[in-house]
Amino acid sequence: MKIDKKVLKRVVKVLLNKVPKEETALIKVSDDLSLVQELYRKDKSFRNFILNPQLSFEEKEKIIDALAEKAQLDKNVVEAIKYIVKINKGSVLREISDQFMFEVEKFFATVKGEVITAYPIDEKLLEEIKKAVEEKLGKKVEFEVKQDPSIIGGIVVKAGSYVLDSSVRTYLRKLEQQLTSY
């Protein structure tokens, strides 16, 4: 089912306007939206319930309230879910958390990124990488460090649309392509 991008952006914009611009409030809403998004993506019965045209909005509202209470969802998130269900745009739940995080990062001029290495790196090196990427992008970057032995050596840095891949695996792949192209 196709996602109505206009509705998605409108709902996220309303959420951003209603939620206090404090880190704890935004994290709570983000976590709640992430939970709903995962539930929608992975639980077929939840997805079918949301999209079922034969159930009335009142029936759906009761179940949403029960789920919200059990999961202790933020009232703004519950209100957004009810609105989405009421206008029959349930497919928006598939991307709502991603879109919300994108807008929050844009608002605070921060980008989530990841640093992938074959071996553990120390905090000093991570700070140097962070500083260099922040200068390049002109935004704050929050990195998640991952280890992937398949890259053999070197490093892969991803932040927003910025990707720097100086891994041995990529180098060997490029070398192979050059040698086999003759």
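Residues numbered from 1 in each chain as written. Predicted model: local features only at pLDDT ≥ 70, side-chain atom pairs only at ≥ 80, totals over all residues. Heavy atoms only, no water.

**With respect to the overall build of the protein**
When helices and strands are counted, the protein shows 8 helices and 4 strands. Secondary structure elements of the protein, listed N to C terminal, follow the sequence α-α-α-α-α-α-β-α-β-β-β-α. Here the C-alpha atoms of the protein give a radius of gyration of 21 Å, more than 25% beyond the 16 Å that 2.2 N^0.38 yields for 182 residues. Viewed in the frame of its principal axes, the protein has a C-alpha envelope of about 65 × 40 × 30 Å. Counting only residues that meet the buried cut, the protein has 36% of its 182 residues in that class. Counting only contacts in the protein whose residues sit at least 6 apart along the sequence, the fraction spanning at least 24 positions is 65%. On the protein, the mean spot of the 34 positive side-chain charges and the mean spot of the 30 negative ones are 6 Å from each other. (Helix = DSSP H or I, 4+ residues; strand = E, 2+ residues; numbered from the N terminus. Rg over C-alpha atoms; globule rule 2.2 N^0.38 Å. Buried < 20%, exposed > 50% of the residue type's maximum accessible area, 1.4 Å probe, protein only. Contact = heavy atoms within 4.5 Å. Lys, Arg positive; Asp, Glu negative; His and termini not counted. Charge placed at Lys NZ, Arg CZ, Asp CG, Glu CD.)

**With respect to unusual backbone geometry**
Non-glycine residue Gln72 carries a positive phi angle of around 55°. Within the element layout of this structure, Gln72 appears in the loop between α4 (57-71) and α5 (75-86). Overall, Gln72 belongs to the exposed group, its relative accessible area being 62%. For Ile152, which is not glycine, the phi dihedral falls at a positive 70°. Along the chain, Ile152 turns up in the loop between β2 (140-147) and β3 (155-159). Among the residues examined, Ile152 registers a relative accessible area of 43% and is labelled partly exposed.

**Topic: the sheet that holds β3**
What the 4 strands build is an open sheet, ordered β2-β1-β3-β4; its pairing is mixed. A strand with exactly one partner marks an edge of an open sheet, and here the two such strands are β2 and β4 (162-165). Each neighbouring strand pair of the sheet contributes to a mean axis angle of 15°, computed without reference to strand direction. Two elements, strand β1 (residues 110-117) and β3, share 5 bridges in a ladder whose sense is antiparallel. Bridging across to β3, Glu114 finds its partner in Lys158. (Pairing = 2+ DSSP bridges. Axes fitted to C-alpha atoms, helices over the stretch in contact; angles between N-to-C directions.)

**Focus on a nonpolar patch on the surface**
On the surface, Ile152, Val168, Tyr171, Leu172, Leu175 and Leu179 cluster together to form a nonpolar patch covering roughly 550 Å² of accessible area. Tracing the sequence through the fold places Leu179 in helix α8 (residues 168-180). (Patch = residues over 30% accessible without salt bridge, like charges linked within 9 Å, V, L, I, M, F, W, Y side chains within 5 Å. Areas by Shrake-Rupley, 256 points an atom, 1.4 Å probe, with all protein chains shown as cover. Salt bridge = Lys/Arg side-chain N within 4 Å of Asp/Glu carboxyl O.)

**A short note on the pattern of salt bridges**
Applying the stated rule across the entire model yields 11 salt bridges. We note a salt bridge from Lys146 to Glu114, for which the minimum N-O separation is 2.8 Å. Within this pair, whereas Lys146 is found in strand β2, its partner Glu114 is found in strand β1, the two being separated by 32 residues in sequence. On the basis of relative accessible area, Glu114 is assigned to the buried category, the value being 16%. Within the structure, one salt-bridge network assembled from shared partners comprises Glu61, Asp65 and Lys82.

**Structural notes on α5**
With 12 residues, α5 extends 16 Å from end C-alpha to end C-alpha; this agrees with the ideal 16 Å at 1.5 Å per step. Those residues of α5 that are buried lie in contact with α1 (5-18), α2 (23-42), α3 (44-51), α4 and α6 (96-108). One side-chain oxygen of the residue at the start of α5 lies 2.8 Å from the amide nitrogen of Asn76, identifying that residue as Asp74. Remark: Asn88 follows α5 within two positions and exhibits a positive phi of approximately 60°. (Expected span 1.5 Å × (residues − 1). Polar contact = N/O pair within 3.5 Å; in protein donor to acceptor, adjacent residues only side chain to side chain.)

**Describing the environment of Gln147**
With respect to the helices and strands, the residue Gln147 is situated in strand β2. A sequence separation of 32 residues divides Gln147 from Val115, and the C-alpha atoms of the two residues are 8.3 Å apart. Residues in contact with Gln147, not counting those within four places in the same chain, are Thr117, Ala118, Tyr119 and Pro120.

**Some points on the environment of Ile27**
Relative to the elements of secondary structure, Ile27 occurs in helix α2. When the C-alpha positions of Ile27 and Leu16 are compared, they lie 12 Å apart, and in sequence the two are 11 residues distant.

**Notes on a negative patch on the surface**
Taken together, the side chains of Asp122, Glu123, Glu127 and Glu128 define an acidic patch exposed on the protein surface. Counting through the fold element by element, Glu127 comes out in helix α7 (residues 123-137). Residue Glu127 is classed as partly exposed on the basis of its relative accessible area, which comes to 44%.

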